[in-house]
Each structure stands twice: as C-alpha cells, then as structure tokens.
Amino acid sequence: MENRAAAGIAFIVAGIFCISINDMLIKELSGGYPLHQMVFVRSAIGICFSLVLVQFEGGLSILRTKQPGLHALRGLMIVAANMTYFAALAALPLADATALFFVAPLFITLLSIPVLGEKVGPMRLGAVLVGFAGVVLMQRPWAGTDTLDVSRVVLLLPVLSALLYAANQILTRKLGATTKASALSVYIQGTFILVASGFWLVAGDGRFAEGVDNASLVFLLRAWVWPDGSDWWYFLGLGLNAAVVGYALSAAYRAADAATIAPFEYVGLPLAVFWGWLIFDTLPGWEVWIGMALIMGSGLFVFLRERQKSRRIARGQVKIR
C-alpha cells in the first residue's frame, strides 16, 4: 500500500482533535448518564454519518469483506479500549487520564515490529523505555493507597486502554490495505451499538450499580436516563465526533506507516490540559507534567529517528540501528 505521510498526518491530527472534544463531552455527561447509553447514542448517530461517507467511497458494496473475523476482533478491541478509558475518565482528571493513555503510540511502535514487520532499532527502543518510565512516574508508586485519590486499578485502566487501542490501530493498518476508511468506521460503530445494547439488556435498569461507591463502576452500570433537552446537543456532538474520529483514524493508518503516524497523536495532550483547565478548572500535578514530557519526548524521538531512517533507505544507505 502506498505510504502517503502528509495525508496520514492530516487525518490523525483531525481525528485527535475530535477525540479531545469527545473526551470532554463524555466527562461532562459522566455524572448523570451511564457509559453504555452514551456509547449507544453516539454510535447510532455516528453510523448514520459513516454510511453517508460509504456512499461517497463506493456504495454499500464496499462493506462486504473476506475477513469478518479480523474486523470483529478489531471492533471488540476498540470497544474495550474505549470502555476502560472512559471508566477511568469518570474518576480521573481529564489531563491525567489522557497522559496515561498516550503511551499508546509507544505500544504501536512496539507492536509494529512483530505484526507489521517494521524495523525498530535499539535507540528507538530505548526511547520507548523512557516513555514507559513516564507512565510509572504518573502511577506514583511511592504513594500509599490511602493517599491516592483513586485506586491503582483505575490508574492502570488508561494504560490497558492504550494497549488495546494500539493493537486496534495495527490491525487497521493490515485491514486498511483492502478496506475503505468509511467501511472500517461502520464496522466499529456497529460493534459499539451491539456491545452497548448488550449492556442495556443486562444492566440497563441500574440494578448492578446499587450500593457501589467506585465512580468508574457506577459510570459503567448506572441506569439509563432520558436526556434533558439541552443534553441532546452533547449527544449529537458525540455522534458527529464518533463519525469523524472513526473515519479520520482509519484513513490515517491506511495512508501511512504506523511509526510515522503515531507520534502526531500527542496533539491530544495539550488539548486535554486545555479542556481540563477551561471546562473542569483542573491542572495536572507535577508528576503528570514530568510524565507527560517523558512520553511526548520519547515519542517525538521515535518519530524523528523513523524519518531519518526512511530518508537513508530511500538513498540506498545502511539502515539506522
């Protein structure tokens, strides 16, 4: 598949901007609605926009696939990534959750070695380790459980989400060779709708949330509530964002190598800090600032090393190690 780096970068930046809006909207609504309700409404609206894009990219025929199993696996991965991340978002400040999640590009770099056969030398692997050191710092291992605002399980949820998201994007790169971005988006939205419907059938009445104190579990298990009039605009925004995000991320990883695209996802870090300050009046603690710098710095090093490697290979020189 042709590597169109500029197009891939443009798509990833647009997608990450919309993700930052999506995260802000979900955190804003997390105090009154269950996650699976927001996911259902968002995806039901989003799939309508995605089907319009399908018509522009070739019609309903492009939804046929010879790899339904891989598409289903990709869909379940992104659903699990979203569920774990948003469960953490209900209990963590926006910037903290986002910073922990942004280990995802480092996971993508690691997974691109065995899955995609991309070459990553010792210097880039060292940079990845530096990024993971930032994650450890943000976990505050020196703090006792009685001094943490949330449980350590909640602190690990964004990291788990990042791993699942990275695996999803690697699969996107493989499947994108034969599948249009709009079709990939429809498959994702359809998976969200099926999973959210299952949550509603099992826990939609809120019976599993009774007596639960953990904010993340309450967010997952709270009963469905008919939205207030003004909140419908938030849900509509979630749906539109879902369509744009699904298309933009799929198009980005179809257009360019994973190691080239992944570092540009760091645009989401300053956006998360901005929305957290503007909407929720919160700013990260010192350990989050340092961890954020380590993760971003390592990711940018990996990106620059990849670009240098690509140029030398293009000139027929020895690969960078």
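Details of the structure are given in the entry above.
Residues numbered from 1 in each chain as written. Predicted model: local features only at pLDDT ≥ 70, side-chain atom pairs only at ≥ 80, totals over all residues. Heavy atoms only, no water.

Participant: Which parts of the structure should I look at to understand the pattern of salt bridges?
Facilitator: Once the charged atoms of two side chains with opposite charge are near each other, the side chains can pair. Applying the stated criterion across every chain, the model contains two salt bridges. With a shortest N-O distance of 3.6 Å, Glu287 and Arg140 are connected by a salt bridge. Here Arg140 lies in the loop between helix H6 (122-138) and helix H7 (152-175) and Glu287 lies in helix H13 (residues 286-314), a separation of 147 residues in the sequence. The buried category is assigned to Arg140, whose relative accessible area is 17%. Residues Arg207 and Asp205 are paired through a salt bridge, measuring 2.7 Å at the closest nitrogen-oxygen approach. (Salt bridge = Lys/Arg side-chain N within 4 Å of Asp/Glu carboxyl O. Helix = DSSP H or I, 4+ residues; strand = E, 2+ residues; numbered from the N terminus. Buried < 20%, exposed > 50% of the residue type's maximum accessible area, 1.4 Å probe, protein only.)

Participant: Sorry if this is basic, but what is going on with a nonpolar patch on the surface here?
Facilitator: Judged by side-chain polarity, Val130, Trp142, Phe274, Trp277, Leu278, Ile279, Leu283, Trp286, Trp289, Ile290 and Leu294 come together as a nonpolar surface patch covering roughly 1100 Å² of accessible area. Among the residues examined, Trp277 registers a relative accessible area of 46% and is labelled partly exposed. (Patch = residues over 30% accessible without salt bridge, like charges linked within 9 Å, V, L, I, M, F, W, Y side chains within 5 Å. Areas by Shrake-Rupley, 256 points an atom, 1.4 Å probe, with all protein chains shown as cover.)

Participant: Looking at this structure, I do not really get the packing of aromatic side chains. What am I missing?
Facilitator: Geometry of an aromatic ring pair is reported as the spacing of the ring centres plus the angle between the planes. Scanning the model with the defined rule gives 14 aromatic pairs in all. Between Phe101 and Phe102, the ring centres sit 6.0 Å apart and the planes meet at 90 degrees, which makes this aromatic pair edge-to-face. Its relative accessible area of 14% is what places Phe101 among the buried residues. Both rings, one in Phe274 and one in Trp277, keep their centres 6.2 Å apart while their planes meet at 45 degrees; by these two values the pair is tilted. Of the two residues, Phe274 and Trp277 are both situated in helix H12 (residues 268-280); the distance of three residues between them amounts to about one turn of the helix. (Phe/Tyr/Trp six-rings, centres within 6.5 Å; stacked < 30°, edge-to-face > 60°.)

Participant: Looking at this structure, how should I read empty space enclosed by the protein?
Facilitator: Here the idea is plain: a probe the size of a water molecule rolls over the atoms and shows the empty space left. In the structure shown here, the tally under the stated rule is two cavities of 30 Å³ or more. What the largest cavity holds in volume is close to 490 Å³. Elements supplying a minimum of two residues to the lining of the largest cavity: helix H1 (5-29), helix H3 (68-89), helix H4 (94-101), H7, helix H8 (181-203), helix H10 (231-255) and H12. Partitioning the lining of the largest cavity into residue classes produces 17 nonpolar, twelve polar and four charged. When its volume is computed, the second largest cavity comes out at roughly 30 Å³. Taken together, Asp96, Leu100, Met138, Arg140, Leu155 and Val288 form the lining of the second largest cavity. Here the lining of the second largest cavity is built from residues that sort into four nonpolar, no polar and two charged. (1 Å grid on protein atoms, 1.4 Å probe; cavity = no way out; pocket = protein on both sides within 12 Å on 5 of 7 lines; lining within 4 Å. Points joined across faces, edges and corners; volume = space filled by probe spheres on them. Nonpolar A, V, L, I, M, F, W, Y, C, P; charged D, E, K, R; others polar.)

Participant: What is the right way to look at the packing of H1 against H10 in this model?
Facilitator: Taken N-terminus to C-terminus, the directions of H1 and H10 make an angle of 155 degrees; their axes are 8 Å apart at the nearest point. Considering the angle they form, H1 stands roughly antiparallel to H10. Once H1 is placed against H10, the crossing between them reads as left-handed. A class-by-class count of the residues in the contact of H1 with H10 yields 21 nonpolar, five polar and two charged. (Axes fitted to C-alpha atoms, helices over the stretch in contact; angles between N-to-C directions. Parallel < 35°, antiparallel > 145°, perpendicular 65-115°, else oblique. Left-handed = near helix turned anticlockwise from the far one by under 90°.)

Participant: What exactly am I supposed to notice about the nonpolar core here?
Facilitator: One recurring pattern in soluble globular proteins: nonpolar side chains tend to sit buried together. Membership of the largest hydrophobic core comes to 77 residues, with the highest contact counts inside it found for Met38, Leu92 and Tyr165. Residue contributions to this core peak at nine residues, all from H3. Those residues in contact with Tyr165 that sit more than four places away from it in its chain are Ile78, Ala81, Phe101, Ala104, Ile108, Leu249 and Glu265. In this structure, Ile47, Val186, Tyr187 and Ile193 belong to the second largest nonpolar core, which totals seven residues. (Core = buried A, V, L, I, M, F, W, Y, C linked by side-chain atoms within 4.5 Å. Contact = heavy atoms within 4.5 Å.)

Participant: Would you mind going over the environment of Arg74 with me for this structure?
Facilitator: Along the chain, Arg74 falls in helix H3. Taking the C-alpha atoms as reference, Arg74 lies 28 Å from Phe301; in sequence the two are 227 residues apart.

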